Amino acid sequence: MNGNQLKSAMIHGAILISNQRRAVDELNVYPVPDGDTGTNMSMTISAAKRELELLPKDVTVSQVADTAASAMLRGARGNSGVILSLLFRGFSKGLAGMKEAGNADFANALELGVAGAYKAVMKPTEGTILTVSRMAANKAQELAKQDLSLCDFLQGVCDEANDVLKQTTEMLPALKKANVVDAGGKGFCIILEGMLASLRGESLPAEESERAAAVDPATDFNSAVAQYDDEINFTYCTEYIVEKYDASVDPAKLRAYLETIGDCVVVVDDDEIIKVHVHTDHPGKAITKALEFGSFINDPKPKIENMKIQHAGKVKEAAIAKQQEFVPVEPTKDFGFVAVAAGAGLERTFLDLGVDQVVRGGQTMNPSTDDILRAIHATPAKTVFVLPNNKNIIMAAEQAVNLANRNVCVLQTRTVPQGIAAMLAYDEFAQLSENRVAMTKAAEAVSTGSITFAARDSELDGKPIRKDEVLALDNGKLSFTEKDVNKAAYKLTKKMVKSDTSYVTIIYGADVTEEQSQQLKDMLAAKLSSRIELTLINGGQPVYYYLISVE
């Protein structure tokens, strides 16, 4: 294989995993909304694809492998993306200095990649992408001893990878219970299959568009409303639900009236209710007219929002986002901090605690190694502490250590509350080793509860879990399910509080109102011991209704 063939093969593999990323995401068996293995692997190898497409035609396999490995290392997202980048980094080492490569060269390169991936993972778990790649590498060594064409050789490697992938269902209890294969292993197989297809002369697959399909307002009210997010011909966005007086009520008449006083009208009904969305300068008229057709229900209450104020807020958010174009600076102090967080409130909290740069990200939106690296270089310190605040971001952060032009210390903070506790433990008069120990101990002393929703139908310990059901997680493990968000947060906090608990912090997210969060705080204040300090923070985080810190 020459350099051009390897370049085409990797681009083919990148497109294939990109097109199938959602199917791979769906293999994640835990119902919480973090099923992003396919997305992370796709974004990681797509970083390489962009660089490979810029290479000239006359390149060596060594140049192609080096370019891909460098781009993937910086673009790695999530644990699956980091492992994929490590596999290809080893691949580049195995092909170093080569103009062309044969079966034995590829077998040795793949073996080096597997060794690097295993070395980087603190506690390797079998039944994952690690197992699939390791067994594929072993098969490659065996096949390299035979007189095979490159296509037949890679076909044998693909067959072995897919056979081992099927076995992962039996290797991990969670996979067996859900009757699925490992998501990372599946992504690796897809990439190998894409590379094989390219070597066989198959044309590049079309890249699937990200655009959503057309929406039918009659079947998807929320999606229909979303079409109008940026239209501000009228001031007030008005939404409500009324319960019909009787079956003879004609919603078409209500729609006709609303179209005379506004635009962006969506009216959806069933046998019992009418759901309305309208942009208008006269929300009172829109509500009064509705009373001719039915009575308002209490939950949810009618909602009226000033879109011009909202728009101004979005403009401000965009300006803040632009500020996150990290600018490299020279070190001017001994210690600095980079934290990963999502939500304006959490960003402010970390900045108030002394963090220099906040990288936006977290659950379902893992930042890349390069995102973290740029934030490190924008921190004016000789030593930069990095707080990933998510277990799926730690590996990406660690990859930045050897790329940075200054000393970097990655703390193993797996949750936002752990990150906050670590920052509170920092002592500006202590040395690096002392702070590392103290901040790590502070993080480990925190218990984290989370209230989120089920992203998919699932089953756990024999109990069915339905999509959108409220989930209560105790230190990452599902504790129970609920129907009501505040009730779930109340029950979980009571369960987590121990006899020696001194502090409870409730961080409420973007989908919780201030009124709801205050109600929860009042409920807990009436139940918990008066010696426990109870704090409420507006985190504004997505995905999680509440993050609960117990110390």
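Residues numbered from 1 in each chain as written. Predicted model: local features only at pLDDT ≥ 70, side-chain atom pairs only at ≥ 80, totals over all residues. Heavy atoms only, no water.

Caption draft 1: Up close: the overall build of the protein chain. Broken down by element type, the protein chain carries 21 helices and 17 strands. With respect to the three principal axes, the spread of C-alpha positions in the protein chain is 80 × 60 × 50 Å. Across the 551 residues that make up the protein chain, the buried fraction comes to 51%. Restricting to contacts in the protein chain with at least 6 residues of sequence separation, those with at least 24 account for 71%. Summed over all atoms, the accessible surface of the protein chain reaches about 26300 Å², with 49% contributed by carbon and sulfur. Across the protein chain, 58 positive and 73 negative side-chain charges occur, with their mean positions spaced 3 Å apart. (Helix = DSSP H or I, 4+ residues; strand = E, 2+ residues; numbered from the N terminus. Buried < 20%, exposed > 50% of the residue type's maximum accessible area, 1.4 Å probe, protein only. Contact = heavy atoms within 4.5 Å. Areas by Shrake-Rupley, 256 points an atom, 1.4 Å probe, with all protein chains shown as cover. Lys, Arg positive; Asp, Glu negative; His and termini not counted. Charge placed at Lys NZ, Arg CZ, Asp CG, Glu CD.)

Caption draft 2: Highlighting the sheet that holds strand β9 (residues 407-410). Read across the sheet, four strands follow the order β7-β6-β8-β9 without closing on themselves; strand pairing throughout is parallel. Whereas interior strands pair on both sides, the edge strands pair on one side only; in this sheet they are β7 (357-360) and β9. Strand-to-strand twist across the sheet, computed as the mean angle between neighbouring axes with direction ignored, equals 20 degrees. Bridge analysis of strand β8 (residues 381-387) against β9 gives four bridges, and the strand direction is parallel. Opposite V386, over in β9, you have V410 as the bridge partner. Most of the contacts of helix α15 (residues 344-352) go to β7, to which it runs at about 155 degrees, and overall it touches β6 (333-341) and β7. (Pairing = 2+ DSSP bridges. Axes fitted to C-alpha atoms, helices over the stretch in contact; angles between N-to-C directions.)

Caption draft 3: Here's a closer look at the packing of aromatic side chains. Under the criterion given, the structure shown has eight aromatic pairs. When the ring of Y240 is compared with that of F296, the centres are 5.3 Å apart and the planes differ by 80 degrees; the resulting orientation is edge-to-face. Of the two residues, Y240 is situated in strand β1 (residues 236-244) and F296 in strand β4 (residues 294-296); the sequence distance between them amounts to 56 residues. In this arrangement the basic side chain of K289 is found over the ring face of Y257, its NZ or CZ atom lying 5.0 Å from the centre. Sitting over the ring of F480, K491 keeps its end group 4.5 Å from the ring centre. (Phe/Tyr/Trp six-rings, centres within 6.5 Å; stacked < 30°, edge-to-face > 60°. Lys NZ or Arg CZ within 6 Å of the ring centre and 35° of its normal.)

Caption draft 4: Focus on the pairing of strand β2 (residues 262-269). In terms of residue burial, β2 counts as a mostly covered element, since seven of its eight residues are buried. If you look at the hairpin formed by β2 and strand β3 (residues 273-280), you'll find three residues sitting between the two strands.

Caption draft 5: The arrangement of the nonpolar core in detail. Ranked by size, the top nonpolar core spans 70 residues in total, and within it L6, F106 and V157 carry the most contacts. For this core, the element with the most residues is helix α10 (residues 183-199), which contributes nine residues. Beyond its immediate stretch of four places on either side in the chain, F106 contacts M1, L6, F91, L95, A101, L150 and F153. Counting 24 residues, the second-largest nonpolar core is a separate cluster that includes A472, M496, I532 and Y546. (Core = buried A, V, L, I, M, F, W, Y, C linked by side-chain atoms within 4.5 Å.)

Caption draft 6: Up close: the pattern of salt bridges. Enumeration over the complete set of coordinates arrives at 15 salt bridges. Residue D356 is joined to K333 by a salt bridge in which the shortest nitrogen-to-oxygen separation is 2.6 Å. Taken together, the residues D356 in the loop between α15 and β7 and K333 in strand β6 connect sequence positions 23 residues apart. Relative accessible area serves as the criterion here: at 31%, K333 is assigned to the partly exposed category. The residue E347 makes a salt bridge to R360 at a minimum N-O spacing of 2.6 Å. Residue E347 is found in helix α15, and its partner R360 is found in strand β7; the two are separated by 13 residues along the sequence. You can call E347 buried: its relative accessible area is 13%. (Salt bridge = Lys/Arg side-chain N within 4 Å of Asp/Glu carboxyl O.)

Caption draft 7: View of the sheet that holds strand β15 (residues 503-508). One open sheet holds the six strands; their spatial order is β14-β13-β10-β17-β15-β16, and the pairing between them is mixed. Two strands lie at the open edges of the sheet, namely β14 (477-482) and β16 (533-538), each paired on one side alone. Neighbour-to-neighbour, the strand axes of the sheet open up by a mean angle of 20 degrees, direction not taken into account. Pairing geometry for strand β10 (residues 447-453) and strand β13 (residues 470-474), over five bridges, is antiparallel. Along β13, the bridge assignment pairs F453 with V470. Across the sheet, helix α18 (residues 416-424) touches β10, β15 and β17 (546-550), and the angle it forms with β17 is around 45 degrees.

Caption draft 8: Region of interest: the packing of helix α1 (residues 3-19) against α10. Where α1 meets α10, the closest approach of the two axes is 7 Å, and the angle between their N-to-C directions is 135 degrees. With respect to α10, the axis of α1 lies oblique. With respect to the hand of their crossing, α1 and α10 are arranged in right-handed fashion. Contacts between α1 and α10 involve Q5, L6, S8, A9, M10, H12, G13, L16 and I17 on the former and, on the latter, G187, I190, I191, E193, G194, M195, A197, S198 and L199. Partitioned by chemical class, the residues of the contact of α1 with α10 number 10 nonpolar, seven polar and one charged. (Parallel < 35°, antiparallel > 145°, perpendicular 65-115°, else oblique. Left-handed = near helix turned anticlockwise from the far one by under 90°. Nonpolar A, V, L, I, M, F, W, Y, C, P; charged D, E, K, R; others polar.)

Caption draft 9: Representation of empty space enclosed by the protein in the model. Inspection of the entire model under this criterion finds one cavity of 30 Å³ or more. Quantified by volume, the largest cavity comes out at close to 220 Å³. F91, L110, L154, L192 and M195 are the residues nearest the centre of the largest cavity, which is lined by 16 residues in total. For the lining of the largest cavity, the secondary structure elements donating two or more residues are α5 (78-94), α6 (103-120), α8 (150-171) and α10. (1 Å grid on protein atoms, 1.4 Å probe; cavity = no way out; pocket = protein on both sides within 12 Å on 5 of 7 lines; lining within 4 Å. Points joined across faces, edges and corners; volume = space filled by probe spheres on them.)

Caption draft 10: Spotlight on helix α16 (residues 369-377). Counting buried positions over the nine residues of α16 gives seven, a clear majority of the element. For α16, the complete set of buried residues consists of T369, D371, I372, L373, A375, I376 and H377. In the core, the buried residues of α16 are packed alongside α4 (61-75), β6, β7, β8, α17 (394-399) and β9.

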